[in-house]
Each structure stands twice: as structure tokens, then as C-alpha cells.
Amino acid sequence: MPTDVRDSAFVARALRDIALYLELKGENAFKVRAYNLAADRVLAVGERLADVVREGRLAELPNIGQALADKVVTLHTRGTLPLLEELRASYPPAILALLELPDLGPRKVAALWTSLGVGSLPALEEALRQGRVRGLKGFGEKSEAKLLAGLEQYRSAHARRRLGDVLPVALALRDELARAPGVVRIEVAGSVRRFCETVSDVDVIASAAEAAPVLEALAQRPGVATVLGKGDSKCSVRLQDGLQVDLRVLPDEDFATALHHFTGSKAHHVRLRGRARDLGLTISEWGVFRGEEKLAVPEEAALYRLLGMAYVPPELREDAGEFEAALAGTLPTDLVEPADIQGAVHAHTTWSDGRASLLDMARAAAARGLAYLTITDHSASAGYASGLSAERLRQQWQEVDAVQAQVPQVRLLRGLEVDILQNGALDLPDALLEQLDIVIASVHVRHGQDADAMTARVLRALDHPCTDVLGHPTGRLLQRREPSPLRMEEVFARAAERGVALEVNGNPERLDLHAAHVRAALSAGCRLVAGVDAHDTASFANVDYAARTARKGGARRSDVLNTLGTEAFLTALRERHPRRGRRG
DNA sequence: GCCGTTTTCGGCCCGACTGTTTTCAGTCG
């Protein structure tokens, strides 16, 4: 039985399903919340869930008492739970899908099921078309139309979107609305601001004396397909590609608290509100209050000061330990940020599958003010990417030298993204690898190996004396390919032991390592590089995604090797390989 | 179902918006 079916994601999913069924049953809302909070907690434990279960430490976790601890153990060890089976058996199998529709919550789904026997999306559509829904208490003609539209919407765009697809749209929208009449401050909030790797919509918060003109600017904007709702302070629209945008406009004195409120996460806010209660304060999007008195909160930082805590940057607001750290004053103040990155690590050129020449890449790196650029094309076995043979790699060095003479502003480093072969060996001879400034070792083929084989393969690559960096460690492609079944704890431990840095790959389709892995890698003592995985000149912008993903995982500037200047970076790599870097 | 230097019982964040309402319930974030 593969262990990964019962990992933390599986257990969390089961707990959330139980919560949904309990809502359908009309159970106590706080009981429902308890299951959801437990699911959050299990996910936060991540890779170590198996350890926590084995050592019987579940009930020590916040929000997990003895009853839930027992259920998690059963889910983890047996893959199911009597309670869950019972709940599933009392409803049609596809009923939970109904809850995915907008404006359809547990109460209404329960009504549809008990009154009409509607328990699936197709059954709902049929009932709607027969006009049977509108007669139901709480439903009318508008509900009918909305649900039909919702079914359509569900089919086309119910999946979450990758941050990389949404962030540019959100920032452009913000900059455009910033020019609407009377806007004082405006910012993107929500999961986009928290830099979550996938997001479901865009939240924008603005301040202005008059809300109406700003709301109107969004409603009238080209590219808006539907205005979903519009009130005195809020406007929701759906763009032509299906992306939902929620805009809220408030007086400037409320901007900071609103921005904070709509940035979330919910879990982070629950902690803050508990703290506020202890101090005799209440927090809402309208402000921080002591009794009737509204306290001034000109900036988000002021809100945290009122709570006697250090400021928590948006990326960290996930209740992943940041609350306790901010309270204790141990939250790092030197978290890495994009501007700290001095060198572009992991770049391809037309020598392999890059779309820009070595010269163009060097010029683009110089234009971005980068101090160095690692030329790391693919190695021979990556035939699909025109990987370099030993001979072609040597030829490339001549061009590196020639381009270096033409573009002296940026230091070009000889490198290679060498394939980790199926058995864990590296693709080119050691004698060649030893002459490089930097070797990134990556898995590109045979992702389907089982956990034992894949882990052994990567550990062997980490043991290779020439490996400097493990590239995109899990190989996942967001929404397209699952991470390989590596035992990450073992990978992190070995990488720390061998001094191999782990890449935080900033390609928006990868974001690999992701933030939770970054956190685990750091506590294992690993070093990181923020990789751009550039295949053209535009993808130097990936440095933002890499740095902010590392930041979300709690990485400090000193944890990321390419925050160092050129010589210090090379020294850091050579610490492990004294023989490296001798040019032949 | 969880939690506790106010509580082992009685809280648990809360406001905006919408539609079906004639005073409010449900959904959403």
C-alpha cells in the first residue's frame, strides 16, 4: 500500500468532507469549524504527519483534542473512518459538488436534497430546467437563473488558477484603478497578496472619499463580462476569462484595517482576534476598537503594534507559526525579498532549449542590474531539450568567454543543469563537471518511479561531489504534474549534510520547492538558491516568484546563496568543492 | 469538537450583500 494515499493532504480532505456533511446535516457550526481547523492543522504538520501519528503526539497540536486525534489516527492508518462512511452512505455520492456552486451553501443544498431529491449537478440542472427549484422555500426566479449560470461557470472555470497567471492581471488592474477619480491608496489583497501558489479570485482594496466613482470604474472597465454585484462599498465582477474580481472602497482612515482584513488568511485572523480579545480589543475590517472607542490604524504595522506584536508580512500570514513568533519577537526581520537577489541562477540559452541567445541573455541580465548569470543549459541525455554533450559544452565555454568580453557588466558563470539519470548518476563525466563554476542536478525524466527508487536516485545525486544545487527538487508542475514521490525529509537531511543547496525554482508553473517545503528544508539546515529557470529574457522576472516563495517559507537573506555578491557566491559553492572553478 | 489566570460550561469573528423576505436567512469572505 503506497503511503502517500494517507498523507496529510488525504487526511485533511477527509476531515473537510466530514465538515461538509455535518453542515448538510445541520450540525452545530462550531463542531463543523472544529473539523476544518483540524484539517488546517494536519496540513500544517505536512510531511511529518506519519511521525506525529506514530509518536502519539496529535492531541498536543492546537485545535486537535482526543476525539479528533483518534479520528486522524484511524484515517491515517486505515484510510477511512466509520463516521465518514456513515455520512457518505446517507447522501448521494456527488452531493458535495453542489456546494461548489456560487450562492449554494449547506442549507440550500440540504433543502434541495430533502425536498426535491436533488443530489448531484446533473439532477440540479434537470430540476432547474423543469422549474421545480423556484417553488422551493428560499428559492425564486433569480436563484434559478443564478444557479443555471453557476452550473455553466462551474464547468468552464471552477478550478483554481496559478498565481503566475493571475498576479500580472491583478497588478495591472490595481494600477488602472489607481487612476480612478479620488483614489488615495489601493492595493491587491487576498491570497494573491499572501503569494499563495494558486488563487481563486482577486481582491482589491482602495480608499477614496467617494466610493461610487471607483466602483463604477471597475464595473465599466473593458474586459468585464458580468457585474456580479454592486453596492455602496463593494463591486464584484467576472472578467471575460472567468476570473472574479472583488473591489472594496472605503474612507482612507479604514484602509489599513480593510486591507489587513481582506488579506487574510482566515486562520491568521482567528489567532489575532483571540489575542485582541485578551487585550480587551475587537478587530473587524472597519477598525480596531476598545469598547466604543475606535483606535487609529494608519498602517497595518499599527494594528500589530496595538496587539503588542511584531509586524507580520502578508506572505507569512498562514498560522504556520508566525503568530507565536511575532508575539515572542522572534520573527525574522531580514526575510529575503526580490531586491536582495544579486545573481540569476539557472538560465538556459539557444545552446539547449532556451529561446534567447547567450548574448541576449547576458545583456538582459545586465539590464536588470544583476551581478552574475549562471549559464546552465541541459546535459546530453535531455535529448528533448537538445542537451549538451561534453564536446558541445566545451564549445559553449568559448562563447561564454566571447560574450563576457562584450558584456563586462555581468559576470558569466560556467554551469550546467545536468540530468540525474535513472540510477542517480550524473549525465556527464566528473572530469568535465569539475571544471564548472556551478552544477545544478535535476530530474527530468522517469518521474513515475516509486518512492524508494526516486529517493535513492536523488540521494545518490546529492552525494555526488560535483552537485552544487538540486534543481526543482520535486519536479511538480502546478495543476499538471504531481510532485515525484520523494521522501523529502531524507532529501533535506542529506542536502544539509552534503552542503548541497536546494533550488526554489521561480518558474510560475513550478514554484518548486514550495513554501512549506522551504520551511522544512530550512529547519533541516539546508541552504537555498532562488532560481529563475530562465528560457528567455523575460523570465528573469521569475526571480520575484523565487524570492517571494522562499520568503513565504520563512527564508532569510542569509539562507539564500544568490543574495551574495559574485565572489562570495562562488566562495560559498567552492566551500564544498575546493577543486572547483579552475579554468582549464 | 475544542478550550480555559474570568469559565470544566458556555463560548467559539463578524459585517456586507442578495434574494426572498414583510423583518430575515443564507452565503460569502
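Please read all numbers here as calculations on a predicted model, not as lab measurements.

A look at the overall build of chain A
- Within chain A, the regular secondary structure consists of 23 helices and 17 strands.
- Relative to its length of 584 residues, chain A is compact, with a C-alpha radius of gyration of 26 Å against a globular reference of 25 Å.
- In chain A, which comprises 584 residues, the share counted as buried stands at 53%.
- Here the analysis covers contacts within chain A between residues at least 6 apart in sequence; of these, 68% occur between residues at least 24 apart.
- Surface accessibility of chain A: about 25300 Å² in total, with carbon and sulfur atoms responsible for 51%.

A word on the protein's contact with DNA strand B
- In the vicinity of DNA strand B there are 39 residues, among which G65, D103, G105, G140 and R273 approach most closely.
- Taken together, the sugar and phosphate atoms account for 76% of what DNA strand B places within 4 Å of the protein.
- Within the side chain of K71, an N or O atom sits 3.3 Å from a phosphate oxygen of DNA strand B.
- E141 is positioned with one of its backbone polar atoms (N or O) 3.4 Å from a phosphate oxygen of DNA strand B.
- Secondary structure elements with two or more residues in the surface near DNA strand B: α2 (29-45), α4 (66-78), α6 (106-116), α8 (141-157), β5 (224-230) and α13 (266-278).
- Sorting elements by how many residues they give to the surface near DNA strand B places α2 first, with 5 residues.

A short note on the pattern of salt bridges
- By the definition in use, this model includes 40 salt bridges.
- The network of salt bridges with common partners includes R41, R271, D319 and E324.

Quick look at the domain arrangement of chain A
- In terms of domain boundaries, chain A breaks down into domain 1 (3-158), domain 2 (161-250), domain 3 (263-328) and domain 4 (338-575).
- For domain 2 versus domain 4, the distance between C-alpha centres works out to 36 Å.
- Listed per partner, the contact involves 12 residues of domain 2 and 13 residues of domain 4.
- Approximately 1000 Å² of surface area, both sides summed, lies buried where domain 2 meets domain 4, with 56% of it carried by carbon and sulfur atoms.
- Joining domain 2 to domain 4, the criterion identifies 2 salt bridges.
- Linking E197 and R476 is a salt bridge whose minimum nitrogen-to-oxygen distance equals 2.8 Å.

What to know about the side chain of R510
- Relative to the helices and strands, R510 is located in the loop between β16 (501-505) and α21 (515-523).
- Its relative accessible area of 12% is what places R510 among the buried residues.

Description of the packing of α21 against helix α22 (residues 542-552)
- Between α21 and α22, the shortest axis-to-axis distance is 7 Å and the interhelical angle comes to 60°. One element, α21, and the other, α22, form an angle in the oblique class. Crossing of α21 over α22 shows right-handed handedness. Residues A515, V518 and R519 of α21 lie in contact with α22, whose contacting residues are T549, A550 and K552.
- For the contact of α21 with α22, a count of residues per class yields 3 nonpolar, 1 polar and 2 charged.

Description of helix α19 (residues 451-463)
- Helix length check: α19, at 13 residues, gives a terminal C-alpha distance of 18 Å against a target of 18 Å (1.5 Å per residue), a fit within 8%.
- Within the sequence span of α19, burial applies to M454, T455, R457, V458, L459, A461 and L462.
- Turning to α19, the residues buried within the fold contact β15 (469-470) and α20 (488-498).
- N-capping of α19 is provided by D450, with a side-chain oxygen placed 3.2 Å from the backbone N of D452.

The rules we used
- Residues numbered from 1 in each chain as written.
- Chains lettered and ligands numbered in written order.
- Predicted model: local features only at pLDDT ≥ 70, side-chain atom pairs only at ≥ 80, totals over all residues.
- Heavy atoms only, no water.
- Helix = DSSP H or I, 4+ residues; strand = E, 2+ residues; numbered from the N terminus.
- Rg over C-alpha atoms; globule rule 2.2 N^0.38 Å.
- Buried < 20%, exposed > 50% of the residue type's maximum accessible area, 1.4 Å probe, protein only.
- Contact = heavy atoms within 4.5 Å.
- Areas by Shrake-Rupley, 256 points an atom, 1.4 Å probe, with all protein chains shown as cover.
- Near = heavy atom within 4 Å.
- Polar contact = N/O pair within 3.5 Å; in protein donor to acceptor, adjacent residues only side chain to side chain.
- Salt bridge = Lys/Arg side-chain N within 4 Å of Asp/Glu carboxyl O.
- Domains from an automatic or database assignment.
- Buried area = accessible area lost by both parts, 1.4 Å probe.
- Axes fitted to C-alpha atoms, helices over the stretch in contact; angles between N-to-C directions.
- Parallel < 35°, antiparallel > 145°, perpendicular 65-115°, else oblique.
- Left-handed = near helix turned anticlockwise from the far one by under 90°.
- Nonpolar A, V, L, I, M, F, W, Y, C, P; charged D, E, K, R; others polar.
- Expected span 1.5 Å × (residues − 1).

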